[in-house]
Amino acid sequence: MLLMILGSASAQDAASIIQKAEEVRRGIESSQSEMTMTIVRPKWTRTMSMKSWSKGDDFALIVVTAPAAEEGSATLKRSDEVWSYIPKVGRTIKLSRSMMSQNWMGSDLTNDDLVREVSLITDYDHKILKDSTIEGRKCWKIELIPHEDVAVVWGKVHMFVDQKDYLQMRTESFDEDGYLVNVMQASQIKSVNGRAYTAKMEIIPVEEDGNKTILEYTSLKFDVPLDETFFSVQNLKRIR
Amino acid sequence: MMILKLAWRNLWRNKRRTLITSSAVFFAAFLSIAMNSIQDGMHQQMIQNVVGYYSGYVQIHQDGYWDEQTIDNTFTAEEQVQKVANDHPSVERSVPRLESFALAIAEDVSRPAMVVGVDPRLEDEFTKLQAKLVQGNYFAANGQEVIVAQGLLEKLKIGLGDTIILLGQGYHGVTAAGKYPITGVMKLGSPELNARLVYLPLQAAQEMYGAPELLTSLALDINTPDKSAQVAQTLQEDLPEGYEVMDWKSMMPELVQVLEADKGGNVILLGILYLVVGFGIFGTVLMMTAERKYEFGVLIGIGMKKIKLAATVLLETIFISLLGVLAGSIFAFPLVYFFHYSPVYLEGLKEAYEQYGFEPVLMTSIDLGIFVNQAIIVLVISCLMSIYPAIRIMKIDPVKAMHV
C-alpha cells in the first residue's frame, strides 16, 4: 500500500518536472536569439549562422544570415504548420506531411523536431528513474513512454532534467525495439536576466558514426515583445 | 539404309496417322516457341528500358556511392578515369552524369523526382534522349531548362512551357534549389522512371547542387552488353583506387530478381505444356503400336530382327517429330517476326504490368536460340515417347501378335 502511494506520488512529480522543464525551454513568453548551427559529417563540416524568434510553443521564425549562398533562407512555424522560404527561387513552400520527416537544412534535426506536435506532458507517461550528474549538475533521469495512440517514432525517451534550473541537459531517444537512436546533449549553462539556459546543444544520431549537429547560442533574449503577426508567411520573405 | 527407307515409306502408308501425330508435335513446338519468345521479348524490352535507355550496362562511381547514394559521394571525372574507360575496346563512350533526388514543385503540388544532370550531346548519342521527346525541344549544354517525364508532369498538373521548381539537398548540405522552364516533355518506357525523371543540362545541375565539376556516375556505353560483368571487372583493375565499377546486374539486383521470378513462373507453365504435349504424343504412339500389332507380328514371324524393327519404328517417330517441329517453327516465325517489329500495346493489362515495372507491351524476341532450343526440347520429348513402342516390339511374341 505504502509502495503504491509512493509510486503514484513520484509519477506526479515526474510529470510536473517535465512540465516545468518545458516552460523553461520555451522561455515562457517569447525569445529572440542568434545562433550558429554546425553540421558535422565524417568528411566535412559546415557552419551556418541564423537568427530566430519564438513566441510560446506555437510560433517560431528562423532565418539564415550566413553563408551568403543560403542567406535569407527562412523557416516559419505556425502551430503544426511549417513554411519554408527559398530565396534562390523566390518561393514560399508549405511543407507537406511527407516532407516533415526530412531533415531540416541538412542537419540532424527533422522538420518534425521543429514542430513537435506531440506534447511531452499529456502524451507520455512519466517516471523518475534515478538521479544522475551531467555537466556537474544534479539531474533527475525521467523515463517518458508515449501513450499507445500517439504518433511518435520513439518507443521511449530518457530525459535528464537539471534539479536546480529545470534545464533539459540530455535527452536519449530509443526506438520501439529499445535501441538508442538519438541523443541530445546540452552544455555551457549561461544566464540572461537571471534566467538560466544551455548555450550549446549537440544532436547526435547514434547509428550514424561521425555525424552530429551542434547548435550554439551567440546571444539570447527572453520576453521580447513580439506580435503574432510577426510570424506570418508575408514576413517570412521580408525578414533578414 | 534400308531401315531408313522402310521408315519413310511406313510414314506415308497411313498418312492420316502421321499427320495427327505430327500435328501434336507441331502445336507443342509452336506454343513453346511463341511463349518463350514473348517472355524473352518482354524481358529484353524491360532491360532495354531501364538499363539500355537509362543506367547503362556498366557505371563508374566513387567508391561506396552505390551503397550510399548521396550527392556527397561524388567525384571529379579526371581525364585519367575517362581515358581508362574510353580505352577499353568494349566501351563506345563514357557519359557523365550527376544524379540526385529533389522535390519537384509546381503551383500547389509537389512530387519526389529524380534529377539527372547530363551532357546533352553524349546523352543523346547514348540513350537517344532526344528521340524520347514527345513535345517541345531538346536542351543545349549551357541551357537553364529542363526536360521532364510525362508521368511526373501529369501528377504535377503542369506542362510544356511552365516552370518547375526543384528543391533538394546539395553537396555538403547546401540547399539545392532551382527554377527552370520546361523545354521538353519525354515519354519513358519504364513506368517507374516515367513518374520521376527530370533531365537537366549537366552544368545547370552542378550549379543547383553546389557541386561544380562533380559527377555521381560515369555511365558506359558498351558494345558487348552480354559481357557487362567482365568489362566491369577489367575496368576495376585498370582504374586507380577509390572508384567502383559496377555492371547492371549488381546495380539492380531487384530487376534481375523480377526477371528471374517471371522466368520461374514461366518454367512451371512450360513444364505443364511439355507434359501435355508429351502425353499427346504418347497417346498417338500408343494407338499406333496397338494398331500395328499384327503387322509387327508378321514381320518378326517372317524373320525380321526385333532390333531392326524397333529401330524402324524409332526412326518413324523421329521423322514425325522433325516434321512437326519444322512446321511449328516455320509457322511461329512470321508471327514472332510480326510482333517483334509491331509490338502490341496492352491497354487492359496496363496496371497489372506496371506494378511489376513492365511496360505493358507485347513484344516478341527473334532470338534464333529460342527456336533452336524449343525445337530440340520438343524433339527430345517426342523421341522419349517412342521408346515405348520399341520396348513393346522387343517383347513381342509373333504367334500371339498375329492371333487376332
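Given the structure is predicted, the values throughout are model-derived calculations rather than measurements.

**Student:** Would you mind going over the environment of B:Glu359 with me for this structure?
**Tutor:** Residue and element names in this part refer to chain B. Looking at the secondary structure, you find Glu359 in the loop between α13 (350–355) and β14 (361–362). Sequence separation between Glu359 and Leu349 is 10 residues; the distance between their C-alpha atoms is 9.8 Å. Sequence-distant contacts of Glu359, that is, excluding residues within four places in its chain, are made with Gln45, Asn49, Gly189, Ser190 and Pro191.

**Student:** So what exactly am I meant to see when it comes to the pairing of strand β8 (residues 175–186) of chain B here?
**Tutor:** A regular strand carries its side chains on alternate faces of the sheet. Residues and elements named next belong to chain B. Taken across its 12 residues, β8 has 10 buried, putting it largely inside the fold. Alignment of strand β5 (residues 133–136) against β8, held across 3 bridges, turns out to be antiparallel. The residue bridging Leu133 from the neighbouring strand is Met186, located in β8. The pairing of strand β6 (residues 146–149) with β8 spans 4 bridges and is classified as parallel. What sits directly across from Val146, in β8, is Ile182. Relative to β8, strand β7 (residues 163–169) runs antiparallel, the two sharing 7 bridges. For Thr163, the partnering residue across the bridge sits in β8 and is Pro181. Here β7 folds back onto β8, and the loop between the two strands holds 5 residues, one of which, His172, carries a positive phi near 50 degrees.

**Student:** Quick question: what am I supposed to make of the interface of chain B and chain A here?
**Tutor:** In many analyses, interface size is given as the accessible surface area lost on bringing the parts together. Listed per partner, the contact involves 12 residues of chain B and 13 residues of chain A. At 4 residues, the largest contribution of residues to the side of chain B that touches chain A is made by β8(B). Considering only residue class, the side of chain B that touches chain A consists of 5 nonpolar, 6 polar and 1 charged.

**Student:** Can you help me understand helix α1 (residues 2–13) of chain B in this one?
**Tutor:** Residues spaced three or four apart along an α-helix point in a common direction, a consequence of the helix completing one turn every 3.6 residues. The terminal C-alpha atoms of α1(B) lie 16 Å apart, and with 12 residues this matches the ideal 16 Å at 1.5 Å per residue to within 8%. With 1 of 12 residues buried, α1(B) lies mostly on the surface of the structure.

**Student:** Honestly, the nonpolar core in this entry has me stumped. Any pointers?
**Tutor:** Side chains of nonpolar character tend, in soluble globular proteins, to be buried together. Counting residues in hydrophobic clusters, the biggest one holds 111 residues, and the most contacted among them are B:Ala104, B:Val148, B:Leu152, B:Leu166 and B:Val198. A:Ile18, A:Val157, A:Phe160 and A:Val161 belong to the second largest nonpolar core, which has 20 residues in total.

**Student:** Quick question: what am I supposed to make of the environment of A:Phe230 here?
**Tutor:** Residue and element names in this part refer to chain A. With respect to the secondary-structure elements, Phe230 resides in the loop between β13 (212–222) and α4 (233–238). Overall, the presence of 14 C-beta atoms within 10 Å leaves Phe230 in the partly exposed class. Considered as a pair, Phe230 and Tyr166 are 64 residues apart in the sequence and their alpha carbons are 29 Å apart. Ignoring sequence-local partners within four residues, the contact set of Phe230 consists of Trp53 and Asn235.

**Student:** Would you explain the confidence of the model for chain A in this entry?
**Tutor:** Keep in mind that low pLDDT regions are not for reading the predicted coordinates in detail. Residue and element names in this part refer to chain A. On average, residues of chain A carry a pLDDT of 84, and 92% of them reach 70 or more. Ranking the elements of chain A by mean pLDDT puts helix α1 (residues 2–26) last, at 66, and strand β10 (residues 168–174) first, at 91. Every residue in residues 1–11 is under pLDDT 50, and counting partners more than four places away or in other chains gives 3 contacts.

The rules we used
Residues numbered from 1 in each chain as written. Chains lettered and ligands numbered in written order. Predicted model: local features only at pLDDT ≥ 70, side-chain atom pairs only at ≥ 80, totals over all residues. Helix = DSSP H or I, 4+ residues; strand = E, 2+ residues; numbered from the N terminus. Contact = placed C-beta atoms within 7 Å. Buried ≥ 20, exposed ≤ 12 C-beta atoms within 10 Å, placed from the backbone. Pairing = 2+ DSSP bridges. Nonpolar A, V, L, I, M, F, W, Y, C, P; charged D, E, K, R; others polar. Expected span 1.5 Å × (residues − 1). Core = buried A, V, L, I, M, F, W, Y, C linked by C-beta atoms within 7 Å. pLDDT = per-residue confidence, 0-100.

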